[in-house]
Amino acid sequence: MTIENKKGWISWFNPFKYGTDRWMYALHRLTGIIIGIYLLFHVFETSEILKGPVTWNSVMVSLDYPFGVHFGPLILSLVLLAVVYHALNGIRLTIVENGLMLPKPYRPEYPYNPKSLKGLNNFLKILLGIFMIVISAFGIIFIFTGWLP
Amino acid sequence: MRESQIMFLQYMTGLLVLVFGSFHFLLISFLAPTSDKVLYSYGGTGYTHVLVGGTLYYTVVKAVYSTLIWGSIFELLLTVLVFHIFNGFRIILSEQFQGERTEKFITYSLLVIALIIFIWGSRTIVLMLSGGV
């Protein structure tokens, strides 16, 4: 079974000249893949605790200082950003893809400006942006300094 | 199972991941029983690092792992997350590589990897619950 004119990967990660939804879709995929790979690593890394305190503590230290640099919190911050985005956008998708908070079906008329991209859907996106900034700011500050509000 | 049912499961597991995942984050922030709640706060410099505290210190982590409630939360989170992630991978891959035989191959190979990850994680949780090594 061959399908012609199938762009595949390239088209997913090519959100240029499309709307915000396309960008959010590409980011959702990308962050999903990142978190998935992180889980594989995380399961392996936490299983090191079975080897006793010496191994565990040295793993923790080497995760804090990968490549001899204090990179640990930086990597953790990137994972946090991915998780926060994926979670918030996931909530938005659960709402929108099930047809909630969208306008009623209507007849498309020239110039075909979709109503679904206005109103409550847009409000959800703005809300997502605000939550994203607030949560990830607190999270990153916590990762680097241990400060909690 | 029909694809729509799997997608419904994907939504549900996503929401459950949110619930259990927030417990997981609460654990490493609020509940850590250390005076200084700084992650990665290790004393010492050079090649010998001495762990002086922080939430990921061995005894702290072991104490958390040996609690039944946290153990079951970890196990539930692992189950739900493995499903969500590998179903996501399956969707991505089967969109890219189409065809009936390819799709079956993708499904079953990902199922095997998912089971390995699940068993590997459960092994850690169960062994730590029963006292560690």
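A quick note: this is a predicted structure, and the numbers were derived from the prediction, not measured.

What counts and how
- For every chain, the first residue of the written sequence is number 1, and numbering continues from 1 along that sequence.
- By the order in which they are written, chains take letters starting at A while ligands take numbers starting at 1.
- Residues qualify for local features only when their pLDDT is at least 70, as the model is predicted, and side-chain atom pairs are given and counted only at 80 or more; totals for whole chains, interfaces and linings, by contrast, use all residues.
- Heavy atoms throughout the structure, all of them, feed into the side-chain values; hydrogens and water do not.
- Helix numbers and strand numbers start at the N terminus; a helix is a DSSP run of H or I with at least 4 residues, a strand a run of E with at least 2.
- Radius of gyration means the value over C-alpha atoms here, while the globule rule gives 2.2 Å times the residue count to the 0.38 power.
- For every residue, the accessible area (1.4 Å probe, protein chains only) is compared with the maximum for its type, and the residue is labelled buried under 20%, exposed over 50%, or partly exposed between those bounds.
- The criterion used for residue contact is that any of the two residues' heavy atoms lie within 4.5 Å.
- Calculation of accessible area relied on Shrake-Rupley with a 1.4 Å probe; when residues are assessed, cover is drawn exclusively from the protein chains displayed.
- Pairing of aromatic side chains here covers Phe, Tyr and the six-membered ring of Trp, requires ring centres within 6.5 Å, and sorts the geometry by plane angle: under 30 degrees stacked, over 60 edge-to-face, intermediate tilted.
- Lysine NZ or arginine CZ positioned within 6 Å of the ring centre and within 35 degrees of the ring normal marks a charge as sitting over the ring.
- Like-charged residues within 9 Å of one another, or nonpolar side chains (Val, Leu, Ile, Met, Phe, Trp, Tyr) within 5 Å, are grouped into patches, provided each residue has over 30% relative accessible area and no salt bridge.
- Here, a salt bridge means any side-chain nitrogen of Lys or Arg that lies within 4 Å of a carboxyl oxygen of Asp or Glu.
- Accessible area, probed at 1.4 Å, shrinks when two parts are joined; the buried area is that loss added up over both.
- Pairing of N or O atoms within 3.5 Å defines a polar contact, subject to two protein rules: one partner must be a possible hydrogen donor and the other a possible acceptor, and residues neighboring in sequence count only if both atoms are side-chain atoms.
- Gly falls in the polar group here, along with every residue not listed as nonpolar (Ala, Val, Leu, Ile, Met, Phe, Trp, Tyr, Cys, Pro) or charged (Asp, Glu, Lys, Arg).
- Confidence per residue, as judged by the predictor, is encoded in pLDDT with a range of 0 to 100.
- Put simply, a nonpolar core is a bunch of buried Ala, Val, Leu, Ile, Met, Phe, Trp, Tyr and Cys residues held in one set by side-chain atoms that sit within 4.5 Å of each other.

A.B. asks: Help me understand the overall build of chain A, please; the structure alone is not making it clear to me.
C.D. replies: Scanning chain A from terminus to terminus reveals five helices and zero strands. Each helix (α) and strand (β) of chain A, taken in turn from the N terminus, gives the series α-α-α-α-α. For 149 residues, the compact-globule formula gives about 15 Å, and the C-alpha radius of gyration of chain A, at 21 Å, lies well above that figure. Its C-alpha atoms give chain A principal-axis dimensions of about 70 × 50 × 25 Å. Every one of the 149 residues in chain A was classed for burial, and the buried ones make up 36%. Long-range contacts, defined as pairs at least 24 residues apart, comprise 54% of the intrachain contacts of chain A with a sequence gap of at least 6. Of the roughly 9,300 Å² of accessible surface on chain A, a fraction of 72% belongs to carbon and sulfur atoms.

A.B. asks: Any chance you could explain the packing of aromatic side chains here in plain terms?
C.D. replies: Throughout the structure, instances matching the rule amount to five aromatic pairs over all chains. Ring centres of F16 of chain A and W23 of chain A lie 5.2 Å apart, and the angle between their planes is 80 degrees; this geometry places the pair in the edge-to-face category. Given a relative accessible area of 51%, F16 of chain A falls into the exposed group. On the basis of relative accessibility, which here comes to 37%, the residue W23 of chain A falls in the partly exposed class. Among the aromatic residues, ring-to-ring pairing joins Y65, W70 and F74 of chain B into one connected group. Sitting over the ring of Y18 of chain A, R22 of chain A keeps its end group 4.1 Å from the ring centre. Over the face of the ring belonging to W120 of chain B we find R123 of chain B, whose NZ or CZ atom lies 4.7 Å from the ring centre.

A.B. asks: Help me out: how do you make sense of a nonpolar patch on the surface in this one?
C.D. replies: Taken together, the side chains of L100, M101, L120, F123, I126, L127, I130, F131, V134, I135 and F138 of chain A present a nonpolar region at the surface, about 960 Å² in accessible area. With respect to the helices and strands, M101 of chain A occurs in the loop between α4 (72–97) and α5 (120–145).

A.B. asks: Is there a simple way to explain the interface of chain A and chain B in this structure?
C.D. replies: Where interface size is given, it is often the accessible area lost as the parts come together that is meant. Contacts between the two partners involve 43 residues from chain A and, on the opposite side, 42 residues from chain B. Buried area between chain A and chain B, both sides added, is near 3,900 Å², and the carbon and sulfur share of it is 74%. The three residues of chain A that bury the most area against chain B are L39, I49 and L50 of chain A, which together make up 16% of that side's buried surface. Connecting chain A to chain B are three residue pairs in polar contact (both at pLDDT 80 or more). Looking at the side of chain A that touches chain B, the elements that each hand over two or more residues are α1 (9–12), α2 (20–46), α3 (53–64), α4 and α5 of chain A. Taken together, the residues of the side of chain A that touches chain B break down into 27 nonpolar, 12 polar and four charged.

A.B. asks: Explanation requested: the confidence of the model for chain A in the structure shown.
C.D. replies: Note: predicted coordinates in regions of low pLDDT should not be interpreted at a detailed level. Predicted confidence across chain A gives a mean pLDDT of 83, with 91% of residues reaching 70 or more. Per-element confidence in chain A ranges from a low mean pLDDT of 77 for α3 of chain A to a high of 91 for α2 of chain A.

A.B. asks: Sorry if this is basic, but what is going on with the nonpolar core here?
C.D. replies: Generally speaking, nonpolar side chains in soluble globular proteins are found buried as a group. L39 and I49 of chain A together with Y65, V82 and F86 of chain B are the most contacted members of the largest nonpolar core, which has 31 residues in total. Contributions of two or more residues to this core are made by α2 and α3 of chain A together with α1 (3–29), α2 (58–65), α3 (68–96) and α4 (100–129) of chain B. Each residue touching I49 of chain A, except ones within four places of it in the same chain, is listed here: W56 of chain A together with Y58, V61, K62, Y65, T124 and M128 of chain B. Core analysis: the next-biggest nonpolar cluster, separate from the first, contains eight residues, M24, Y85, L88 and M132 of chain A among them.

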